[in-house]
Amino acid sequence: RVMNPKVLCVDDDQNVLSAYQRRLRKQFDIETALGGNAGLLAVQERGPYAVIIADMQMPGMDGIEFLELVHDQAPESIRIMLTGNADQTTAVEAINRGQVFQFLTKPCPPDVLALAIEAGVKQYQLVTAERELLEQTLNGSIRVLTDILSLVERDSFGRSQKLRDAVRAFAESLNIRKTWDLEAAA
């Protein structure tokens, strides 16, 4: 069985979160977080999520601020904003700061939300497939070039391997998880 895409719903109302879980659990692997801080913790500890849905009006950290921070932590996750008061300023700010994929109004019918999540999952799959293809192509090219370098200039090859290892160790000390681009540059 293929795993359903992981979706995170963030709201300050537990009843709303429970309703999302009941309505969408057959289609998606739904996780919930009560408020923005719990949502950020979920992204750090249990991500990646294909789609992250956030309510606009949450105490402490509104949905725009939350999605902006999520973009920094998990830029490939597709972000959807739900709001009960859909004014133009809020929509523009959500799109510009949180880089929101879709902006939906509450109450949102379950079928409309499911379609938005499906579209978000497809977008996530496109983005991640493109990144993986780029990494594989670039890594393959670098491997060929380093093989040539190892044959032609052994000393330079040895220094480049040491530099790559040092960059990897430095990135790990900074808790940078994906280091392929730094290693490729080294």
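So, here is what we can say about the structure in this document.

Some points on the overall build of the protein chain
A count of helices and strands for the protein chain gives seven helices and five strands. Listed N to C, the secondary structure of the protein chain is β-α-β-α-β-α-β-α-β-α-α-α in terms of helices and strands. Dimensions of the protein chain, computed from C-alpha atoms along their principal axes, come out at roughly 65 × 35 × 30 Å. Within the protein chain, contacts between residues separated by at least 24 positions form 55% of all contacts whose residues are at least 6 apart in sequence.

Quick notes on the sheet that holds strand E2 (residues 29-34)
The parallel open sheet is built from five strands, whose spatial order is E2-E1-E3-E4-E5. This sheet does not close on itself; its edge strands, each paired only once, are E2 and strand E5 (102-105). For this sheet the average axis-to-axis angle between neighbouring strands, irrespective of direction, equals 20°. Of the strand pairs in this sheet, strand E4 (residues 78-83) and E5 are connected by four bridges, and their pairing is parallel.

Considerations on the environment of Gly-120
Note on placement: Gly-120 falls in helix H5 (residues 110-152). Taking the C-alpha atoms as reference points, Gly-120 and Glu-172, separated by 52 residues in sequence, lie 31 Å from one another. For Gly-120, the contacting residues outside a window of four places in its chain are Val-51, Ile-78 and Phe-101.

What about the layout of surface pockets?
The space that makes up the largest pocket amounts to roughly 530 Å³. In this structure, the largest pocket is lined by 19 residues; those nearest its centre are Gln-73, Ala-74, Pro-75, Arg-177 and Lys-178. Counting residues per element, the lining of the largest pocket draws most heavily on H5, at four residues. Here the residues of the lining of the largest pocket sort into seven nonpolar, six polar and six charged. In this structure, the second largest pocket spans a volume of roughly 330 Å³. Around the second largest pocket sit Asn-139, Ile-142, Arg-143, Thr-146, Ser-160, Gln-161, Arg-164, Trp-180, Glu-183, Ala-184, Ala-185 and Ala-186, which together line it.

A word on helix H1 (residues 14-24)
When we look at burial in H1, the residues that qualify are Leu-17, Ala-19, Tyr-20 and Leu-24. Taken end-on, H1 shows its buried residues confined to a sector of 160°, consistent with a single buried face. Between the side-chain oxygen of the N-cap and the backbone nitrogen of Asn-15 there are 2.8 Å, and the N-cap of H1 in question is Asp-13.

Regarding helix H2 (residues 36-46)
Among all positions of H2, only Gly-36, Gly-39, Leu-40, Ala-42 and Val-43 are buried. All buried residues of H2 fall inside an arc of 155° around its axis, so they share one side. Among the exposed residues of H2, those oriented more than 90 degrees off its buried face are Asn-37 and Glu-45.

Here's the deal with the side chain of Arg-79
Tracing the sequence through the fold places Arg-79 in strand E4. Summary of buried charges: Arg-79 has no salt-bridge partner, and the nearest side chain of opposite charge, Asp-72, is 8.7 Å away.

Topic: the environment of Ile-64
Note that Ile-64 resides in helix H3 (residues 63-73). A residue is classified by how much of its surface remains accessible, and Ile-64, at 2% relative accessible area, is buried. As for Ile-64 and Gly-36, which are separated by 28 residues in sequence, their C-alpha atoms are 9.9 Å apart.

Regarding a positive patch on the surface
On the surface, Arg-22, Arg-23, Arg-25 and Lys-26 cluster together to form a positively charged patch. By the secondary structure assignment, Lys-26 is in the loop between H1 and E2. Residue Lys-26 is classed as exposed on the basis of its relative accessible area, which comes to 76%.

The rules we used
- Residues numbered from 1 in each chain as written.
- Predicted model: local features only at pLDDT ≥ 70, side-chain atom pairs only at ≥ 80, totals over all residues.
- Heavy atoms only, no water.
- Helix = DSSP H or I, 4+ residues; strand = E, 2+ residues; numbered from the N terminus.
- Contact = heavy atoms within 4.5 Å.
- Pairing = 2+ DSSP bridges.
- Axes fitted to C-alpha atoms, helices over the stretch in contact; angles between N-to-C directions.
- 1 Å grid on protein atoms, 1.4 Å probe; cavity = no way out; pocket = protein on both sides within 12 Å on 5 of 7 lines; lining within 4 Å.
- Points joined across faces, edges and corners; volume = space filled by probe spheres on them.
- Nonpolar A, V, L, I, M, F, W, Y, C, P; charged D, E, K, R; others polar.
- Buried < 20%, exposed > 50% of the residue type's maximum accessible area, 1.4 Å probe, protein only.
- Arc of directions from axis to C-beta.
- Polar contact = N/O pair within 3.5 Å; in protein donor to acceptor, adjacent residues only side chain to side chain.
- Lys, Arg positive; Asp, Glu negative; His and termini not counted.
- Salt bridge = Lys/Arg side-chain N within 4 Å of Asp/Glu carboxyl O.
- Patch = residues over 30% accessible without salt bridge, like charges linked within 9 Å, V, L, I, M, F, W, Y side chains within 5 Å.
- Areas by Shrake-Rupley, 256 points an atom, 1.4 Å probe, with all protein chains shown as cover.
- Charge placed at Lys NZ, Arg CZ, Asp CG, Glu CD.

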